[in-house]
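# Structural overview for review
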Amino acid sequence: MLQNYTSNAAAIADADKYLYGNHARMPIVMDKGEGCYVWDLDGRKFLDFVGGIAVNGLGHCHPAIVKAMEERAHTMLHCSNYYYNAPAIQVCKMIVENSCFEKVLFANSGAEANEGQIKLARKYAVDHGHPERYVVISMLKSFHGRTLATATATGQEIVHNPKWYSPLPEGFRYAEFNNLESVKEQLDDKVCAILTEPVQGEGGVRPATQEFLQGLRDICDERGILLMFDEVQVGSGRTGKLFAHQNYGVEPDTCSMAKALGSGVPIGAVCARGDAAKTLIPGTHGSTFAGGPLACGLAAATLDTMLNEGVMDNAVKVGEHFRAELQKMVDKHPGVAKEVRGLGMINGVELTDNEIGPKIVDKCFEQNVLINCTAGNVLRFIPPLIASEAECDIVVAAVDKALTELGK
């Protein structure tokens, strides 16, 4: 018989006994959610500005997602990729018709989507007469996943610490984000692709400059190598466009998606155009679960809602309001709050030291507001894209109060 937990304490006691301890968790057990709010087993209500780490783009239990889930439960949850399924076709069509891409390849996560991009880039080089090209240049402070290849591509040693995971896969180099000269220093005849996030998420909510992304596009065109974007966190409407790079007018050859695409059910995708859309032929890459009817049914409902019900417009409008209010708060606390950064509904406040961030997160938790701290000293806000200005104001007030209570 399934255990029916009735309190945080009872559930956490079993969790500490049985659950692998590779995550540091807050002392609550999530029970249910609606919109931008969640409740724990003790009945405590929280305003959720973590959003499942940018997954719950439509919030919790959005009617369109509930309907899609019910439909899938009564029809089909899975079939193999030996066959077509209608939801997968619908998702591909919506992505292609609203982007520069021509084809979509499904995965089960952001890491798998980025792994797919890396494999695609290496095969592309071979197909175009350059088997010596296998190196991918990625950016310092980037984050691309937890598989061995995507962890190595990640420009943070803590993720791929050689003393834990050696030997690391070959073929990865790192350049400074927003520094074209640094990228050029890493170029040689072995490079097959450049990989970057248009907005670094785990690296501290750092938007790319127009000059940087356009410069990368020019470099790749000149050398005949692929430009690959990682939009696992910032795609699927978070910046007010379906893809963040659409804010810049710079088109990559391939681009990964995941996070909010499935509204809580794992799904990833590699989107490709030109010859990159013809590279992975049958037998060269695949997945048992990727592109199944359940995940794609929810992805189709997610995209339809985002594209046709004003969700992305809300992300732009509310995001601008949120950054303006955060800036007022920063101006009140110049000794500890340094800078506001963001685009749409991925926003951050850089702090002057690495110690106060977790304390602010804890103080906000005491006020029933969920936020997180990334890159050591950046408060990150990645709420549902349906969040209101009033809900943003609640978060700003909570952070402001936390800073005041900490004597800052």
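Notes on the structure in this doc start here. All values derive from a computational prediction rather than experimental measurement.

### Side note on the overall build of the protein chain
Counting its secondary structure elements, the protein chain contains 13 helices and 17 strands. Judged by the C-alpha coordinates and their principal axes, the protein chain covers about 60 × 55 × 45 Å. In the protein chain, buried positions account for 52% of the 408 residues. Sequence separation of at least 24 residues holds for 71% of the intrachain contacts in the protein chain that already meet a minimum separation of 6. One way to put it: in the protein chain the 38 positive side-chain charges average out to a point 2 Å from where the 50 negative ones average out.

### Regarding the sheet that holds strand β13 (residues 337-343)
Read from one edge to the other, the open sheet built from four strands follows the order β13-β14-β17-β16, with strand pairing classed as antiparallel. Two strands bound the open sheet, and with one partner strand each, they are β13 and β16 (372-374). The sheet shows a mean angle of 30 degrees between the axes of neighbouring strands, direction not considered. Taken together, the four bridges between strand β14 (residues 346-351) and strand β17 (residues 378-381) define a ladder with antiparallel strand orientation.

### Quick look at helix α4 (residues 86-97)
In this model α4 runs 16 Å from its N-terminal to its C-terminal C-alpha over twelve residues, within 8% of the 16 Å that 1.5 Å per residue would give. Along α4, the residues that are buried comprise P87, A88, V91, C92, M94 and I95. End-on view of α4: buried residues confined to an arc of 165 degrees, all on one side of the axis. More than 90 degrees from the buried face of α4, the exposed residues found are K93 and E97. In this structure, the buried side of α4 is in contact with α3 (63-74), β4 (103-107), β11 (254-257), β12 (268-272) and α10 (293-308). For α4, the side-chain oxygen to backbone nitrogen distance between the N-cap and A88 is 3.0 Å, and the N-cap itself is N85.

### Some remarks on a nonpolar patch on the surface
There is a patch of nonpolar side chains on the surface, built from L148, I158, W164 and Y165 and spanning about 450 Å² of accessible area. For I158, the position within the fold is in the loop between α6 (148-153) and α7 (162-165).

### Regarding the nonpolar core
Ranked by size, the top nonpolar core spans 87 residues in total, and within it F106, I194, V349, I360, I371, F381 and V399 carry the most contacts. Setting aside chain neighbours within four positions, we find V349 in contact with L326, M329, V330, A337, E339, V340, N377, V378, L379 and F381. Grouped together as the second largest cluster of nonpolar side chains are 16 residues, Y124, A149, L195 and A272 included.

### Notes on the state of the cysteines
Tallying each qualifying case throughout the model produces zero disulfides. The closest cysteine sulfur to the non-disulfide-bonded C36 is located on C392, 8.4 Å from its own sulfur. The buried category is assigned to C36, whose relative accessible area is 4%. Free cysteine C296: the closest other cysteine sulfur is in C92, separated by 6.9 Å.

### A closer look at the sheet that holds strand β15 (residues 369-370)
If you walk across this open sheet you meet the four strands as β1-β2-β3-β15, and the pairing is mixed. Sheet topology places β1 (30-34) and β15 at the edges, where each strand pairs with a single neighbour.

### A word on unusual backbone geometry
Between S166 and P167 the backbone carries a cis peptide bond, its omega angle lying at -5 degrees. If you trace the backbone, P167 turns up in the loop between α7 and β6 (172-175). Non-glycine residue K141 carries a positive phi angle of around 70 degrees. In this fold, K141 is placed in the loop between β5 (135-139) and α6. Positive phi values are uncommon outside glycine, yet N178 reaches one of about 65 degrees. Among the secondary structure elements, N178 is positioned in the loop between β6 and α8 (180-185).

### Observations concerning the packing of aromatic side chains
Inspection of the entire model under this criterion finds seven aromatic pairs. On the numbers, 5.7 Å between centres and 80 degrees between planes, the contact of F49 with F322 is edge-to-face. Of this pair, F49 sits in the loop between β3 (45-48) and α2 (51-54) while F322 sits in helix α11 (residues 311-332), and the two are 273 residues apart along the sequence. An angle of 80 degrees between the planes, with centres 6.4 Å apart, marks the rings of Y82 and Y83 as edge-to-face. Taken together, F49, F322 and F381 form an aromatic cluster joined through their ring pairs. Over the face of the ring belonging to W39 we find K32, whose NZ or CZ atom lies 5.5 Å from the ring centre. The ring of F365 has R44 lying over it, and the distance from NZ or CZ to the ring centre is 4.9 Å.

About the criteria used
- Residues numbered from 1 in each chain as written.
- Predicted model: local features only at pLDDT ≥ 70, side-chain atom pairs only at ≥ 80, totals over all residues.
- Heavy atoms only, no water.
- Helix = DSSP H or I, 4+ residues; strand = E, 2+ residues; numbered from the N terminus.
- Buried < 20%, exposed > 50% of the residue type's maximum accessible area, 1.4 Å probe, protein only.
- Contact = heavy atoms within 4.5 Å.
- Lys, Arg positive; Asp, Glu negative; His and termini not counted.
- Charge placed at Lys NZ, Arg CZ, Asp CG, Glu CD.
- Pairing = 2+ DSSP bridges.
- Axes fitted to C-alpha atoms, helices over the stretch in contact; angles between N-to-C directions.
- Expected span 1.5 Å × (residues − 1).
- Arc of directions from axis to C-beta.
- Polar contact = N/O pair within 3.5 Å; in protein donor to acceptor, adjacent residues only side chain to side chain.
- Patch = residues over 30% accessible without salt bridge, like charges linked within 9 Å, V, L, I, M, F, W, Y side chains within 5 Å.
- Areas by Shrake-Rupley, 256 points an atom, 1.4 Å probe, with all protein chains shown as cover.
- Salt bridge = Lys/Arg side-chain N within 4 Å of Asp/Glu carboxyl O.
- Core = buried A, V, L, I, M, F, W, Y, C linked by side-chain atoms within 4.5 Å.
- Disulfide = S-S within 2.5 Å.
- Phe/Tyr/Trp six-rings, centres within 6.5 Å; stacked < 30°, edge-to-face > 60°.
- Lys NZ or Arg CZ within 6 Å of the ring centre and 35° of its normal.

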